[in-house]
Amino acid sequence: IIKPVHDLNIVRHSVDRALERAKLIEEHQRYQSHLEFEVGRQTQMLREQNESITRTASEEKVLGMISQFALKPLSMEHFIGDVVDILLDEIEWLDVLAKGVVHLTTDRGHGEGLQMVVARNLDKAVMETCLQMSLGECLCGRAAQDGGFIYKSHVDEDHTVQYEGMQDHGHY
């Protein structure tokens with residue numbers, strides 16, 4: 001059906017209103033996109049702050065637990081064992097296997113070897129192989145010999161002590 005136009009002002013007014021409506025819709029869409037972006041940004045910022053607060057609370061809890069152990073009359077081995085248990089069990093953000101070993105140098109640091117003093121959740125083969133080690137042997141012996149820190153995310157050629165069935169793992 002075609003209707004004859006008698007007054008061009010009516011057509012002009014209708015077109016102007018349609019253009020104004022289209023402009024408002026476009027502005028609304030831009031504003032909505034901006035709001036969605038800002039909500040996403042603020043949500044990410046709050047998530048990061050929450051993670052930071054949670055991590056700080058966890059660190060303070062762990063430090064408090066370690067401080068309590070330090071006040072008790074414990075042997076060095078027992079104290080280290082308690083600290084290892086805390087590291088393995090209490091720090092949720094620390095992404096490690098719940099396994100660990102600590103060696104101390106023999107003869108109060110003047111010896112030529114390492115003695116395992118703490119072991120948690122280790123395979124029998126590790127317990128036997130790593131009970132006593134020479135300075136410079138494998139990663140633990142090298143770290144003790146150099147007086148430094150060695151990090152490995154996977155077993156590689158520097159991990160000289162190996163046994164059948166050993167799973168890939170990292171070292172700190």
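Residues numbered from 1 in each chain as written. Predicted model: local features only at pLDDT ≥ 70, side-chain atom pairs only at ≥ 80, totals over all residues. Heavy atoms only, no water.

Asks: Before we go on, may I ask you to explain the pattern of salt bridges in this structure?
Replies: Pairing between side chains of opposite charge can happen when their charged atoms approach one another. Tallied over the entire structure, the rule returns nine salt bridges. The partner of Asp 158 in a salt bridge is Arg 142, with the nearest N and O atoms 3.8 Å apart. Note that Asp 158 is positioned in the segment after α4 (138-146) and Arg 142 in helix α4, a separation of 16 residues in sequence. The partly exposed category is assigned to Asp 158, whose relative accessible area is 24%. Asp 156 is the salt-bridge partner of Lys 152, the closest N and O atoms lying 3.0 Å from each other. Taking relative accessible area as the criterion, Lys 152 reaches 16% and is therefore assigned buried. Through salt bridges with shared partners, a single ionic network connects Arg 142, Lys 152, Asp 156 and Asp 158. (Salt bridge = Lys/Arg side-chain N within 4 Å of Asp/Glu carboxyl O. Helix = DSSP H or I, 4+ residues; strand = E, 2+ residues; numbered from the N terminus. Buried < 20%, exposed > 50% of the residue type's maximum accessible area, 1.4 Å probe, protein only.)

Asks: Explain helix α1 (residues 8-70) to me, please; I cannot follow it from the model alone.
Replies: Given 3.6 residues per turn, any residue in an α-helix points the same way as the ones three and four places further on. Helix length check: α1, at 63 residues, gives a terminal C-alpha distance of 92 Å against a target of 93 Å (1.5 Å per residue), a fit within 8%. For α1, the set of buried residues is Ser 58, Val 62 and Phe 69. (Expected span 1.5 Å × (residues − 1).)

Asks: What is the right way to look at the nonpolar core in this model?
Replies: Note on soluble globular proteins: their nonpolar side chains tend to be buried together. Formed by Leu 114, Met 116, Val 126, Cys 130, Met 133, Cys 138, Val 161, Tyr 163 and Met 166, the largest nonpolar core amounts to nine residues. Once residues within four sequence positions are removed from consideration, Cys 138 is found in contact with Met 133, Asp 158, His 159, Thr 160 and Val 161. Grouped together as the second largest cluster of nonpolar side chains are five residues, Ile 80, Leu 88, Val 102 and Val 118 included. (Core = buried A, V, L, I, M, F, W, Y, C linked by side-chain atoms within 4.5 Å. Contact = heavy atoms within 4.5 Å.)

Asks: Is there a simple way to explain the sheet that holds strand β3 (residues 132-134) in this structure?
Replies: Sheet strands associate in pairs through backbone hydrogen bonding, adopting either a parallel or an antiparallel arrangement. Across the sheet, three strands lie side by side as β1-β2-β3; this open sheet has antiparallel pairing. Two strands bound the open sheet, and with one partner strand each, they are β1 (100-105) and β3. Across the sheet, the mean angle from the axis of one strand to that of its neighbour is 35°, orientation sign disregarded. As paired elements, β1 and strand β2 (residues 113-120) share six bridges and run antiparallel to each other. Within β2, the position partnered with Thr 105 by the bridge is Leu 114. Helix-sheet contacts for helix α2 (residues 76-89) involve β1 and β2, and the interaxial angle to β2 is about 50°. (Pairing = 2+ DSSP bridges. Axes fitted to C-alpha atoms, helices over the stretch in contact; angles between N-to-C directions.)

Asks: I tried to follow the pairing of β2 on my own but got confused; where do I start?
Replies: Every other side chain in a regular strand lies on the same face of the sheet, so the side chains alternate between the two faces. For β2 and β3, the ladder comprises three bridges, and the chain directions are antiparallel. Pairing of Leu 114 across the sheet is with Met 133, part of β3.

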